[in-house]
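Examining the three-dimensional arrangement
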Amino acid sequence: MTSAAEWKELTPPRPGDGRILEEALRLRSTVLLVQALGVVAFGALAPWGPSVLALAAVLAGSVAVNVIAASLARRGRTPPLGGLGLLDVVFLTALLALTGGAMNPFSVLYLIYVLVTAMASTPAWAWSVVAASSAGFGLLFWVSLPLPVELGGHSESHHYSAHLQGMWLAYTTTAVVIVFAISRLTAALRREREIRSATSRLLGLATLAAGAAHEIGNPLGTIKVAAGELARELVDEAASKDLRLIAREIDRAQDVLRRMSVGAGELTGEGPVQTTLGCFIQDLVASLRAPRALMHLEGSDSTLSLRWPVHAMIQALTQVLRNGLEASSGPLRLVAAEMGEQVEIEVEDDGKGMAPEVLERLGDPFFTVDKTGGRGLGLFIARSLVDHMGGTMSVWSQPGVGTKVRIRMPRWV
């Protein structure tokens, strides 16, 4: 048995998040502008003193961090938005501590940093910013300077104000809800972008295959006609035999092109049909056109009901099985098992296995270690088909031991 941590899930490349980064930096600049206006207003209305200089120093530090982040983004490097969010919380806490602490209504600006980090960084960083901002807000109850009397401040202690403590609790609750909701929405949107990206690549390959089949078919037909004419005119039996062989090979090539055209049509859209696990496995083995002795089949329930795009699933698994047969010196082991509302299909070979650097790139288009002329598209197409139908494909491999490919699909696509 192999542990789950040793399996590498094959997923489509993620599209870039440049727009998110751009919007996050723009939003941070807007918050800085609001803070700068607040510091200017405070300096104009309050008596001049050390607190105004401290406010200017804190604001200058925040501006410097934002300038560095923008500079990194312009040079094509992604600034650590999660770490920037924590720094922003520290700067805002210092600004609030110098201007009334928890009584300052601008404490609501914490939520903007939570929002930016949740959208543009990882959930771990987002939760870190929530914890830091909640702690910073709570610290303001104990470490802060009161607002000047000119700005409505008073000397009465507010450390234990039930209203302010309620605001603190309300802020923390709101921040937690925001991060939870945005993390789920962001994950769903990223998954949708990945599926669309993989689908567009897959449809591009399908279009290319259909176009190539059409263009190559015309000259093949011409060659076949010319070969037939020559075979009828030549008296030399050996030459005629060679020409008939050419005609048969052209027929084979045209058959392959026809199947390419049909396959390209299936890639562009095929509806799911009702079948059973046993029927699907039979159709899969038949499509492979390999001796049954090369396959060791195991299934938990051949009558298990499925609703799949059968031809697309057969095409995906055929690519996996062919790779296994090429790599294996013995029969493949194919296991199909029910897992609740999913079906798990595992293909195992006893080949040479793959090194970690090869496994890392496995499934990328046009990446191959095949020395026999493979183009590296088979596993890419299989992975894209499985992903498009809501399944997952994972690979485990160890040099000198072999390779396992695991596909998990919902029973109802």
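The numbers attached to residues start from 1 for each chain and follow its sequence in the written order. Only residues with pLDDT of at least 70 get local features here, since the model is predicted, and only at 80 or more are side-chain atom pairs given and counted; chain-wide, interface and lining totals rely on the full set of residues. Remark: hydrogens and water are excluded; side-chain values derive from all non-hydrogen atoms of the structure.

1. Observations regarding empty space enclosed by the protein
Whether a set of points on the 1 Å grid over the protein atoms alone is a cavity depends on a 1.4 Å probe fitting there but being unable to get out, while an open set qualifies as a pocket with protein on both sides within 12 Å along at least five of seven lines; lining residues are those with an atom within 4 Å of a point. Grid points are joined across faces, edges and corners, and a volume is the space filled by probe spheres set on the points. For the structure shown, the criterion picks out one cavity of 30 Å³ or more. When its volume is computed, the largest cavity comes out at roughly 60 Å³. In terms of lining, the largest cavity is formed by Arg 28, Leu 81, Leu 84, Gly 85, Asp 88, Tyr 113, Val 116 and Thr 117. Counting from the N terminus, the helices are the DSSP runs of H or I reaching at least four residues and the strands are the DSSP runs of E reaching at least two. Elements with a minimum of two residues in the lining of the largest cavity: α3 (81-97) and α4 (110-120). A total of four residues in the lining of the largest cavity trace back to one element, the largest contributor, which is α3. When its residues are assigned to classes, the lining of the largest cavity shows four nonpolar, two polar and two charged. Each residue is assigned to one of three groups, with Ala, Val, Leu, Ile, Met, Phe, Trp, Tyr, Cys and Pro labelled nonpolar, Asp, Glu, Lys and Arg labelled charged, and all others, Gly among them, labelled polar.

2. Re the confidence of the model for the protein
Should the pLDDT be low somewhere, the predicted coordinates at that spot are not to be read in detail. Per-residue confidence from the prediction method is given by pLDDT, with values spanning 0 to 100. Model confidence for the protein is summarised by a mean pLDDT of 76, while 74% of its residues fall at 70 or above. Within the protein, no element has a lower average pLDDT than strand β1 (residues 8-10), which sits at 68, and none a higher one than helix α5 (residues 123-139), at 91. For residues 154-159, every residue scores under 50 in pLDDT, and the model assigns this stretch 12 contacts once sequence neighbours within four places are set aside. Note on residues 264-268: pLDDT is under 50 here. Beyond four places in sequence and across chains, it has 13 contacts. The criterion used for residue contact is that any of the two residues' heavy atoms lie within 4.5 Å.

3. Examining the environment of Tyr 113
Inspection of the secondary structure assignment puts Tyr 113 in helix α4. With 62 residues separating them in the primary sequence, Tyr 113 and Ala 175 have C-alpha atoms 9.9 Å apart. Aside from chain neighbours lying at most four places away, what touches Tyr 113 is Val 31, Gln 35, Asp 88, Val 89, Leu 92 and Val 129.

4. Some words on a nonpolar patch on the surface
Like-charged residues are merged into a patch within 9 Å and nonpolar side chains (Val, Leu, Ile, Met, Phe, Trp, Tyr) within 5 Å, provided each residue has over 30% relative accessible area and no salt bridge. Areas reported as accessible are Shrake-Rupley estimates using a 1.4 Å probe. Residue values count occlusion only from the protein chains shown. Put simply, a salt bridge is a Lys or Arg side-chain nitrogen that is within 4 Å of an Asp or Glu carboxyl oxygen. Judged by side-chain polarity, Trp 127, Val 176 and Phe 180 come together as a nonpolar surface patch covering roughly 280 Å² of accessible area. In this structure Val 176 comes out as partly exposed when scored by relative accessible area, which is 33%. A simple rule labels every residue: compare its accessible area, found with a 1.4 Å probe on the protein chains alone, to the largest value its type can have, and call it buried under 20%, exposed over 50%, or partly exposed in between.

5. Description of the packing of aromatic side chains
Two rings from Phe, Tyr or Trp (for Trp, the six-membered ring) form a pair when their centres are within 6.5 Å of each other. A pair whose planes differ by under 30 degrees is stacked, one over 60 is edge-to-face, and the rest are tilted. All told, the structure shown has six aromatic pairs when counted by the stated rule. Arranged with centres 5.8 Å apart and planes meeting at 45°, the rings of Tyr 110 and Tyr 171 form a pair that is tilted. Placement of Tyr 110 in helix α4 and of Tyr 171 in helix α6 (residues 162-233) is noted, with a sequence separation of 61 residues between them. Take Tyr 171: its relative accessible area is 6%, and that puts it in the buried class. Their ring planes at 20° and their centres at 6.2 Å tell us that Phe 137 and Phe 141 sit as a pair that is stacked.

6. Quick look at the packing of helix α8 (residues 277-288) against helix α9 (residues 310-327)
Each axis is a line fitted through C-alpha atoms, taken for helices only over the stretch in contact, and angles between the N-to-C directions span 0 to 180 degrees. Axis separation between α8 and α9 bottoms out at 9 Å; the angle between their running directions is 55°. The orientation of α8 relative to α9 falls into the category oblique. Handedness of the α8/α9 crossing: right-handed. Across the interface between the two elements, Phe 280, Asp 283, Leu 284, Ser 287 and Leu 288 of α8 pack against Val 310, Met 313, Ile 314, Leu 317, Thr 318, Leu 321, Arg 322 and Leu 325 of α9. Note on angle classes: values under 35 degrees are labelled roughly parallel, values over 145 roughly antiparallel, values of 65 to 115 roughly perpendicular, and the remainder oblique. Should the near helix be turned counterclockwise from the far one by less than a right angle, the crossing is left-handed, whereas a clockwise turn marks it as right-handed.

7. Focus on the pattern of salt bridges
Per the counting criterion, the structure on display carries five salt bridges. The salt bridge involving Glu 348 is made with Arg 333; its shortest N-O contact spans 3.1 Å. Taken as a pair, Glu 348 in strand β6 (residues 342-349) and Arg 333 in strand β5 (residues 332-339) lie far apart in primary sequence, 15 residues in all. Between Arg 406 and Glu 346 there is a salt bridge whose closest N-O contact spans 3.5 Å. Placement of Arg 406 in strand β8 (residues 402-410) and of Glu 346 in strand β6 is noted, with a sequence separation of 60 residues between them.

8. Concerning the side chain of Arg 411
Looking at the element boundaries, Arg 411 is found in the segment after β8. Whenever two N or O atoms come within 3.5 Å, that pair is a polar contact, provided that in protein one can donate a hydrogen and the other can accept it, and provided that, for residues adjacent in sequence, both atoms are side-chain atoms. Within the local environment of Arg 411, its side chain forms a polar contact with the backbone oxygen of Ser 305, the two atoms lying 3.1 Å apart. Once you skip the residues sitting within four places of it in the chain, Arg 411 turns out to touch Leu 304, Ser 305, Leu 306, Arg 307, Trp 308, Glu 338, Gly 340, Glu 341, Gln 342 and Val 343.

9. A look at the nonpolar core
The nonpolar side chains of a soluble globular protein tend to be buried with one another. Residue types Ala, Val, Leu, Ile, Met, Phe, Trp, Tyr and Cys, when buried and joined through side-chain atoms within 4.5 Å, form a set referred to as a nonpolar core. Counting 39 residues, the largest nonpolar core has Phe 280, Trp 308, Val 320, Ile 345, Met 393 and Ile 407 as its most contacted members. It is α9 that provides the largest number of residues to this core, a total of eight residues. With residues near it in sequence (within four places) discarded, Val 320 still touches Val 347, Leu 379, Ala 382, Met 393, Val 405 and Ile 407. Membership of the second largest hydrophobic core comes to 22 residues, among which are Val 31, Ala 97, Tyr 113 and Val 179.

10. A few points about the packing of α3 against α4
Axis angle and axis distance: for two packed helices, these are the angle between their axes and the distance between the axes, and together they describe the pair. Two numbers describe how α3 lies on α4: the axes approach to 9 Å, and their chain directions differ by 180°. It follows from the interaxial angle that α3 and α4 lie roughly antiparallel. Contacts from Leu 81, Gly 82, Gly 85, Asp 88, Val 89, Leu 92, Thr 93 and Leu 96 in α3 reach Tyr 110, Tyr 113, Thr 117 and Ala 120 in α4. For the contact of α3 with α4, the per-class residue count stands at seven nonpolar, four polar and one charged.

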